[in-house]
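A structural walkthrough
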Amino acid sequence: MLSLSSYVLNLVGSILCLIGCLFIIGHFFWIPLLRTSLSRIIIYPTFILLLYDMVSFPSFISKTADLYIERSTILCNFQEAIIQYLILSNFIWSVCISVNLLYLCFSPNKNLKKNELLYHLCSWGIPLIVVVITKIPNMISDNGNQCRFKSPNYIKFYLETILFIVFMLFNFIVAFITIKHIISGNLRESETTTTSVLFVNEKKITTKKIVWRLLLYPSILSICYIMTLVLSIYQFSTETYDDGGGGANNNINNDKRNDKHNDKDTEGVNSNNSYIEVLLYISKAIFLLQGFFNALVYLRSSKLRDRYKKITIFRKIFWRDEADYQSINDGFN
């Protein structure tokens, strides 16, 4: 059984993710300027993360705590496929944000709006292709028992692992390049010389602040997924080692030759699996915190803060100095 602390941490992460995603989505539709901002691209991975949180949430009401629904093989496979699709799509959108950052560094006059169609094709199409390719082995070897399979899915593991590592390295490298350009001051020209439609409402805002927020989104995703990636690699390697590289038939033969050691081996494997299960739940909670951290970054938007400054109660609580200054001016007038 899953420890109470890891279960609570997972639930807290899920709730914070829900709050963060709804915060971003709500303000995106409430404030028109946010829909024309360069950072508007964050709305797509936010929707994806919200769907991921909702799809994985049924694990909390399952009789045995696990990431996937275990009562039905069909539902379990369907849920696993959706989660796989959403995570891949989330990463590809982060790569799209990083590509925009590279344009801002090396080609600030580029009209980034023209790239959106390509971004959508890649972010929604590539994950679908990967899911279809990697689900074929599961359809062949599914044993119909709690969404578990007779042998490891090598295609899914190696393909996804390579993609995730490449995406994360790309995001970190772009973040490094962008920070270097910010420090050197090479982004200042885009404040006045850019003709991009996306900058129409941003000419009065320092470009550096926009870029700082943009580079944080892919970095947050990559950092929050590191633990999940490491544990997935470890879990797959241990399962492959236990399988002996020969699949189910090899396991049967090994069992016949090693009956006297089965009890001790089974106890050790169960203990190790329980430990990994707890760590995987903790890693899932950390991954879900991405939504909350994204909301904190989104909160730094000047357009969002300017809207709240117009509301008296918020201005008096969070911008007391400006409210007092306004009261003094009103008194003189």
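Just so you know, the residues in each chain are numbered from 1, in the order the chain's sequence is written. Restriction of local features to residues with pLDDT of at least 70 applies here, the model being predicted, together with a cutoff of 80 or more for giving and counting side-chain atom pairs; totals for whole chains, interfaces and linings are based on all residues. Note that water and hydrogens are dropped before the side-chain values are worked out from all heavy atoms of the structure.

Secondary structure elements are taken from DSSP: a helix is a run of H or I of four residues or more, a strand is a run of E of two residues or more, and numbering for both begins at the N terminus. For the protein, the helix and strand inventory stands at 12 helices and two strands. Accessibility here uses a 1.4 Å probe with only protein chains present; expressed as a share of the type maximum, an area under 20% marks a residue as buried, one over 50% as exposed, and anything in between as partly exposed. In the protein, which comprises 333 residues, the proportion classed as buried is 44%. The contact criterion used throughout is that any non-hydrogen atoms of two residues lie within 4.5 Å. Within the protein, residue pairs in contact and separated by at least 24 positions form 78% of the contacts whose partners lie at least 6 positions apart. Under the convention used here, a 1.4 Å probe and the Shrake-Rupley method define accessible areas, while residue burial counts only the protein chains that appear. Here the protein has roughly 18200 Å² of accessible surface; of this, 65% comes from carbon and sulfur atoms.

Locating Gly 13 in the fold gives a position in helix α1 (residues 4-30). Along the chain, Gly 13 and Leu 289 lie 276 residues apart, while their C-alpha atoms are 5.4 Å from each other.

A few words now on the packing of aromatic side chains. Paired rings are identified among Phe, Tyr and Trp, the last through its six-membered ring, by centres lying within 6.5 Å, and are further divided according to the angle between planes into stacked (under 30 degrees), edge-to-face (over 60) and tilted (the rest). Tallied over the full model, the rule gives 16 aromatic pairs. When the centroid spacing of 5.1 Å and the interplanar angle of 75° are considered together, the rings of Phe 157 and Tyr 158 count as edge-to-face. Overall, the relative accessible area of 45% leaves Tyr 158 in the partly exposed class. Taken together, the ring pairs connect Tyr 52, Phe 91, Phe 164, Phe 167, Tyr 225 and Phe 287 into an aromatic cluster. One Lys or Arg, Arg 307, reaches over the ring of Trp 30 and ends 5.3 Å from the middle of that ring. Comment: the charge-over-ring label is applied if NZ (Lys) or CZ (Arg) is within 6 Å of the ring centre and within 35 degrees of the ring normal.

Turning our attention to the confidence of the model for the protein. Caution is warranted with low-pLDDT regions, since their predicted coordinates should not be read in detail. Per-residue confidence from the prediction method is given by pLDDT, with values spanning 0 to 100. A residue-level look at the protein finds 68% of positions with pLDDT of 70 or above and a mean pLDDT of 76. Confidence, read as mean pLDDT per element, is least for helix α8 (residues 247-257) in the protein (41) and greatest for helix α2 (residues 43-56) (93). Predicted confidence for residues 188-195 stays below pLDDT 50, and this span has 12 contacts to residues more than four positions away or in other chains. Counting contacts from residues 245-262, a segment whose pLDDT is below 50, to residues more than four positions away or on other chains yields seven contacts.

To count toward a patch, a residue needs a relative accessible area over 30% and no salt bridge; like charges are then connected within 9 Å, while nonpolar side chains (Val, Leu, Ile, Met, Phe, Trp, Tyr) are connected within 5 Å. Think of a salt bridge as a Lys or Arg side-chain nitrogen and an Asp or Glu carboxyl oxygen that are within 4 Å of each other. Nonpolar side chains collect at one region of the surface, where Tyr 154, Tyr 158, Ile 162 and Val 166 lie side by side and expose about 390 Å² of accessible area between them. Residue placement: Tyr 154 occurs in helix α5 (residues 154-184). Owing to a relative accessible area of 34%, Tyr 154 belongs among the partly exposed residues under this scheme.

A word on the side chain of Asn 90. Residue position: Asn 90 is located in helix α3 (residues 73-106). A relative accessible area of 3% places Asn 90 in the buried class. Polar contacts involving the side chain of Asn 90 include one to the side chain of Gln 290, which spans 3.3 Å. Residues within four places of Asn 90 in sequence aside, it is in contact with Pro 45, Ile 48, Leu 49, Leu 221, Phe 287 and Gln 290. Under the rule applied, a polar contact is a pair of N or O atoms within 3.5 Å (in protein, one hydrogen donor and one hydrogen acceptor; residues adjacent in sequence only if both atoms are side-chain atoms).

Here the axes come from fitting lines to C-alpha atoms, over the contacting stretch only for helices, and the angles between their N-to-C directions go from 0 to 180 degrees. With their axes 9 Å apart at the nearest point, α1 and α2 run at an angle of 145° to one another. As α1 runs across α2, the sense of the crossing is left-handed. Contacts between α1 and α2 involve Ser 14, Cys 17, Leu 18, Cys 21, Leu 22, Ile 24, Ile 25, Phe 28 and Phe 29 on the former and, on the latter, Ile 43, Thr 46, Phe 47, Leu 49, Leu 50 and Asp 53. Residue composition of the contact of α1 with α2, grouped by class: 12 nonpolar, two polar and one charged. Each crossing is labelled by how the near helix is turned from the far one, with a counterclockwise turn of less than a right angle marking it left-handed and a clockwise turn marking it right-handed. In this classification, the charged set is Asp, Glu, Lys and Arg, the nonpolar set is Ala, Val, Leu, Ile, Met, Phe, Trp, Tyr, Cys and Pro, and all remaining amino acids, among them Gly, are polar.

Under the counting rule described, the total for this entry stands at four salt bridges. Measuring nitrogen to oxygen at the nearest pair gives 3.0 Å for the salt bridge that ties Lys 135 to Glu 80. Taken together, the positions of Lys 135 in helix α4 (residues 116-141) and Glu 80 in helix α3 put the pair 55 residues apart, joining distant regions of the chain. Here Glu 160 and Lys 156 are joined by a salt bridge, their closest N and O atoms 3.3 Å apart. Here Lys 156 and Glu 160 lie together in helix α5, a separation of four residues that amounts to about one turn. Just as Glu 160 is buried, Lys 156 falls in that class too. Each of Glu 80, Lys 135, Lys 156 and Glu 160 takes part in a single network of salt bridges with overlapping partners.

Two elements in contact, α1 and helix α10 (residues 302-309), have axes separated by 11 Å at closest approach and are oriented at 75°. It follows from the interaxial angle that α1 and α10 lie roughly perpendicular. Residues Phe 23, His 27 and Trp 30 of α1 form the contact with α10, whose participating residues are Leu 304, Arg 307 and Tyr 308. Along the lines of polarity and charge, the residues of the contact of α1 with α10 split into four nonpolar, one polar and one charged. Throughout, the term roughly parallel applies to angles under 35 degrees, roughly antiparallel to angles over 145, roughly perpendicular to angles from 65 to 115, and oblique to all others.

Moving on, we get to the nonpolar core. To qualify as a nonpolar core, a set must consist of buried Ala, Val, Leu, Ile, Met, Phe, Trp, Tyr and Cys residues joined through side-chain atoms within 4.5 Å. Core analysis: the biggest nonpolar cluster contains 57 residues, and Tyr 52, Ile 87, Phe 91, Leu 214, Tyr 225 and Tyr 298 have the highest contact counts within it. Within the residue set of this core, elements represented by two or more residues are α1, α2, α3, α4, α5, α7 (207-243), α9 (262-298) and α10. No other element matches the 14 residues that α3 contributes to this core.

We now examine α1. Residue count minus one, scaled by 1.5 Å, sets the expected span of a helix. In this model α1 runs 38 Å from its N-terminal to its C-terminal C-alpha over 27 residues, within 8% of the 39 Å that 1.5 Å per residue would give. What α1 keeps buried is the set Ser 6, Asn 10, Gly 13, Ser 14, Cys 17, Gly 20, Cys 21, Ile 24, Ile 25, His 27 and Phe 28.

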